[in-house]
Each structure stands twice: as structure tokens, then as C-alpha cells.
Amino acid sequence: MTTKNRLIFYLKECDIHINRLKEVLTELKKLYPIDYDKLENFTTSQKDKLDVLAFRFSKLKDILVAKIFRKYLEYPNYPVQDKNFLEILKELSKKNIVDIDKWAEFRAVRNSIAHDYPYNNDEKIEAINYLIQNKGKN
């Protein structure tokens, strides 16, 4: 498979994750704003929506990092093999593909929703509300 075809394949996978994220965020918006009391009293179905949110957001971030960013730069023959992720990110930033500050924000949101540590409910709630508020924004 050519680099271009792989990139197209990975972008189609991203579309699946994005569509599921949009669906679950639309459902979670009905509960917005989410606070500690609401979160503690979520039904199993509502908790499942949070799991979908965390899973799809994590999968989307992972495919961007592991596949798309590298393949995108590989396509015009940029050497990616020996580059760490920060170098890749800087190159994408130079091309105005990714804003490094926005990427750091998304990474923090992903970390907040992906972990079920007992001490991070405030961060998790803030991240969920952030995603609901920013659904559909660039």
C-alpha cells in the first residue's frame, strides 16, 4: 500500500472515531453542565457514554500520533524514522497543520478523561465539560 493510500485509510479510521465522538457528545450535552454530584449519580448507560468518550478520544489521539502525522510528513519525503514526536509536532506546526499549544491542551484533556484515579474527578469533569462546550469547534 502506498503512503498516500495508507494516509487515506487512517483518515477514514479517524472519521469513525470523530463520528462516534460527535454522537456521544450530543448525548452528554443533555446532561451539561456536568458536576461532581451528577457524575456520582450517573446511570450505567451514562457511564458507558463516558467510556465511549474516553476510548474514542484516546484512539483518535493515538492514530494521529502513531500514524497520520508521520505518514503525512513521509508523503513529501520528510525523514520521520529517527524523529521523536516533539520533532514531528514542530514540523507540523511549521506547516500550520497543528498548533502545539492546542495539541498540549488536547493531550491534557485526553489524560483527564482516560484515567479513573479517585483524586482526579475535578479534572475529569472539567475535561468532559470542555469537550461538550467545544464540540464542532476547530
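Model, not experiment: these values are computed from the prediction.

Caption draft 1: Representation of the overall build of the chain in the model. A tally of helices and strands in the chain yields six helices and zero strands. Listed N to C, the secondary structure of the chain is α-α-α-α-α-α in terms of helices and strands. Summarising its shape, the C-alpha atoms of the chain cover approximately 50 × 25 × 25 Å along the three principal directions. Taking all 138 residues of the chain together, 35% fall into the buried category.

Caption draft 2: Examining the packing of aromatic side chains more closely. Applying the stated criterion across every chain yields a total of five aromatic pairs. For the pair F85 and W103, a centre-to-centre distance of 5.9 Å together with 50° between the ring planes defines the contact as tilted. Here W103 lies in helix α5 (residues 100-114) and F85 lies in helix α4 (residues 85-94), a separation of 18 residues in the sequence. A relative accessible area of 24% means that F85 is categorised as partly exposed. Its relative accessible area of 9% is what places W103 among the buried residues.

Caption draft 3: Region of the structure containing the packing of α5 against helix α6 (residues 121-133). α6 packs onto α5 with a crossing angle of 125° between their chain directions and a minimal axis gap of 8 Å. In terms of orientation, α5 lies oblique with respect to α6. Once α5 is placed against α6, the crossing between them reads as left-handed. Facing α5, whose interface residues are K102, E105, F106, V109, S112 and I113, α6 presents E123, K124, A127, I128, Y130 and L131.

Caption draft 4: Fine view of the side chain of E91. Here E91 is to be found in helix α4. Here E91 is in contact with L73 and Y78, once residues within four sequence places are set aside.

Caption draft 5: Structural view of the environment of Y72. Inspection of the secondary structure assignment puts Y72 in helix α3 (residues 44-74). Separated by 13 residues in the primary sequence, Y72 and F85 have C-alpha atoms spaced 13 Å apart. Not counting chain neighbours up to four residues away, the residues in contact with Y72 comprise L7, L92, K95 and I97.

Caption draft 6: Broad picture of the environment of D37. Here D37 shows up in helix α2 (residues 36-40). Judged by relative accessible area, which is 53%, D37 ranks as exposed. Spatially, the C-alpha atoms of D37 and E105 are 25 Å apart, while their sequence positions differ by 68 residues.

Caption draft 7: Structural detail: α5. Spanning 15 residues, α5 covers 21 Å between terminal C-alpha atoms, matching the ideal 21 Å at 1.5 Å per step. Residues of α5 that are buried include every one of W103, V109, R110, S112 and I113, and no others. The inward-facing, buried residues of α5 abut α3, α4 and α6. Backbone nitrogen of D101 and a side-chain oxygen of the N-cap are separated by 2.9 Å at the start of α5; the cap is D99.

Procedures and definitions
Residues numbered from 1 in each chain as written. Predicted model: local features only at pLDDT ≥ 70, side-chain atom pairs only at ≥ 80, totals over all residues. Heavy atoms only, no water. Helix = DSSP H or I, 4+ residues; strand = E, 2+ residues; numbered from the N terminus. Buried < 20%, exposed > 50% of the residue type's maximum accessible area, 1.4 Å probe, protein only. Phe/Tyr/Trp six-rings, centres within 6.5 Å; stacked < 30°, edge-to-face > 60°. Axes fitted to C-alpha atoms, helices over the stretch in contact; angles between N-to-C directions. Parallel < 35°, antiparallel > 145°, perpendicular 65-115°, else oblique. Left-handed = near helix turned anticlockwise from the far one by under 90°. Contact = heavy atoms within 4.5 Å. Expected span 1.5 Å × (residues − 1). Polar contact = N/O pair within 3.5 Å; in protein donor to acceptor, adjacent residues only side chain to side chain.

In short, shape yes, function no, at least from these values alone.
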